[in-house]
Amino acid sequence: MTCCTMSRRFAPQFIVLPDRTAAASVAARLVLDTVEHQPRCVLGLATGETMCPVYDAIAQGMQARRLSFAGATSFNLDTYVGLAPDHPASFVTVMAQHLFSRIDLPADQRHLPDGMAQDIAASAARYETAIAEAGGIDLQLLGIGRNGHIAFNEPGSPFVSRTRVVELTPTSREPLRSLFAPSEPPTHGLTVGIATILAARRIVLVAFGAAKASPLASAFRGPPDESLPASALQLHPDVTVICDEAAAAGW
Ligand code: GLP
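What you see is a predicted model, and the numbers here were worked out from it, not measured in a lab.

## Description of the overall build of the protein
Helix and strand counts for the protein come out as 9 helices and 10 strands. Expected size for 251 residues packed as a compact globule is a radius of gyration near 18 Å; at 17 Å, the protein falls within 12% of this value. Expressed as lengths along the three principal axes of its C-alpha atoms, the size of the protein is roughly 40 × 40 × 40 Å. The buried share of the protein, taken over its 251 residues, is 53%. A separation of at least 24 residues holds for 81% of the contacts in the protein among residues at least 6 apart in sequence. Accessible area of the protein: about 11,000 Å², with a carbon and sulfur share of 54%. The distance from the centre of the 19 positive side-chain charges to the centre of the 23 negative ones in the protein is 5 Å.

## Quick notes on the pairing of strand S9 (residues 202–207)
Counting buried positions along S9 gives 5 out of 6 residues, so the element sits mostly inside the fold. Inspection of the sheet shows strand S6 (residues 139–142) paired to S9 by 4 bridges, in the parallel sense. Bridged to Gln140 within S9 is Ile203. Here 5 bridges tie S9 to strand S10 (residues 239–244), and the two strands are oriented parallel to one another. Bridge pairing in S10 places Leu205 opposite Val241. Since S9 and S10 lie parallel, the crossover through helix H8 (residues 213–221) that links them has a hand, and here it is right-handed.

## Observations regarding the sheet that holds S6
Strand order in the open sheet formed by 7 strands is S1-S10-S9-S6-S2-S3-S5, with parallel pairing between adjacent strands. In this open sheet, the two strands that pair with only one neighbour each are strand S1 (13–17) and strand S5 (110–111). Inspection of the sheet shows strand S3 (residues 73–76) paired to S5 by 2 bridges, in the parallel sense. Note that in S5 the partner of Ser74 across the bridge is Arg110. Where H8 meets the sheet, its contacts fall on S1, S9 and S10, and the angle it forms with S10 comes to roughly 155°.

## Structural notes on the pattern of salt bridges
What the rule picks out here adds up to 9 salt bridges. The partner of Glu174 in a salt bridge is Arg177, and the shortest N-O contact between them spans 3.2 Å. Between Arg177 and Glu184 there is a salt bridge, with the nearest N and O atoms lying 3.2 Å from each other. With a relative accessible area of 53%, Glu184 lands in the exposed category. Here the salt bridges do not stand alone but share partners, grouping Arg173, Glu174, Arg177 and Glu184 into one network.

## Things to note about H8
Every buried residue of H8 is listed here: Ala213, Pro215, Leu216, Ala217, Ala219 and Phe220. Its buried side turned inward, H8 meets S1, S9, S10 and helix H9 (245–248).

## What to know about the site of the ligand
Around the ligand sit Thr47, Gly48, Glu49, Thr50, Asp78, Gly143, Ile144, Arg146, His149, Ala151, Phe152 and Lys212, and those are all the residues in its vicinity. Taking Lys212, its side chain carries an N or O atom lying 2.7 Å from an oxygen atom of the ligand. Here the shell around the ligand is composed, by residue class, of 3 nonpolar, 5 polar and 4 charged.

## Quick notes on the packing of helix H1 (residues 20–37) against helix H2 (residues 51–64)
Packing of H1 against H2 brings their axes to within 8 Å, and their N-to-C directions diverge by 55°. Between H1 and H2, the interaxial angle falls into the category oblique. For the crossing formed where H1 meets H2, the hand is right-handed. Contacts between H1 and H2 involve Ala24, Ser25, Ala27, Ala28, Val31 and Leu32 on the former and, on the latter, Pro53, Val54, Ala57, Ile58, Gly61 and Met62.

About the thresholds
Residues numbered from 1 in each chain as written. Predicted model: local features only at pLDDT ≥ 70, side-chain atom pairs only at ≥ 80, totals over all residues. Heavy atoms only, no water. Helix = DSSP H or I, 4+ residues; strand = E, 2+ residues; numbered from the N terminus. Rg over C-alpha atoms; globule rule 2.2 N^0.38 Å. Buried < 20%, exposed > 50% of the residue type's maximum accessible area, 1.4 Å probe, protein only. Contact = heavy atoms within 4.5 Å. Areas by Shrake-Rupley, 256 points an atom, 1.4 Å probe, with all protein chains shown as cover. Lys, Arg positive; Asp, Glu negative; His and termini not counted. Charge placed at Lys NZ, Arg CZ, Asp CG, Glu CD. Pairing = 2+ DSSP bridges. Right-handed = clockwise from strand over helix to strand, strands pointing away. Axes fitted to C-alpha atoms, helices over the stretch in contact; angles between N-to-C directions. Salt bridge = Lys/Arg side-chain N within 4 Å of Asp/Glu carboxyl O. Near = heavy atom within 4 Å. Polar contact = N/O pair within 3.5 Å; in protein donor to acceptor, adjacent residues only side chain to side chain. Nonpolar A, V, L, I, M, F, W, Y, C, P; charged D, E, K, R; others polar. Parallel < 35°, antiparallel > 145°, perpendicular 65-115°, else oblique. Left-handed = near helix turned anticlockwise from the far one by under 90°.

Laid out in structure tokens, this is it:
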């Protein structure tokens, strides 16, 4: 469904670097600059392979620039429903390995949606309240899925959506097979909504590799359309896209 035809559309700032290491270091620099200028900032964090070199560069840059995350707060985008936090593929484990064990962000200032909650709808509502009470997200890091999803907002997600449970599509589950083998990948995610993402003051979308060229180009080409979740980013006035040459190929 084409949406928000009356809403203003914005062009993102588009930064292309020769490779993913260079691109990751630019994305990390934006996060580190935010922490430096606004020590009590609220960061929106993402998972996925794309974020690994970004988190490496953040950890290295924190040391090199002698910065501290002690005053910052973070909110992750999403989690798997029903997956124990100590599972090797859970986003709690992944965030600990790639970022939280390497920076001084206090444990009680890191937030992930709770995919194990008994009352998951109530837990989703509390997550939205916690973001609002923290003052909203200052900088949201984002990746993009091969089908144009952002967080776990799959094609068809309403642009007005907030934190909720969603069913993962086969396209999104396929790349997860090796992580979960011999079990099946999770079927559902608990994710912030598209409206939650658009409420961030600044959005930094990072994309690497040829598989991202088509969804990335499509997201900013036509009018915003709920069949392509990342196209909602056109409705935000402060989006920076940072990618390598392979991901920029369709632009
Ligand atoms: C997952 C995450 C997204 C991420 C996407 C792309 O579905 N929920 O937040 O952007 O995958 O992941 P990758 O960076 O591994 O390509």
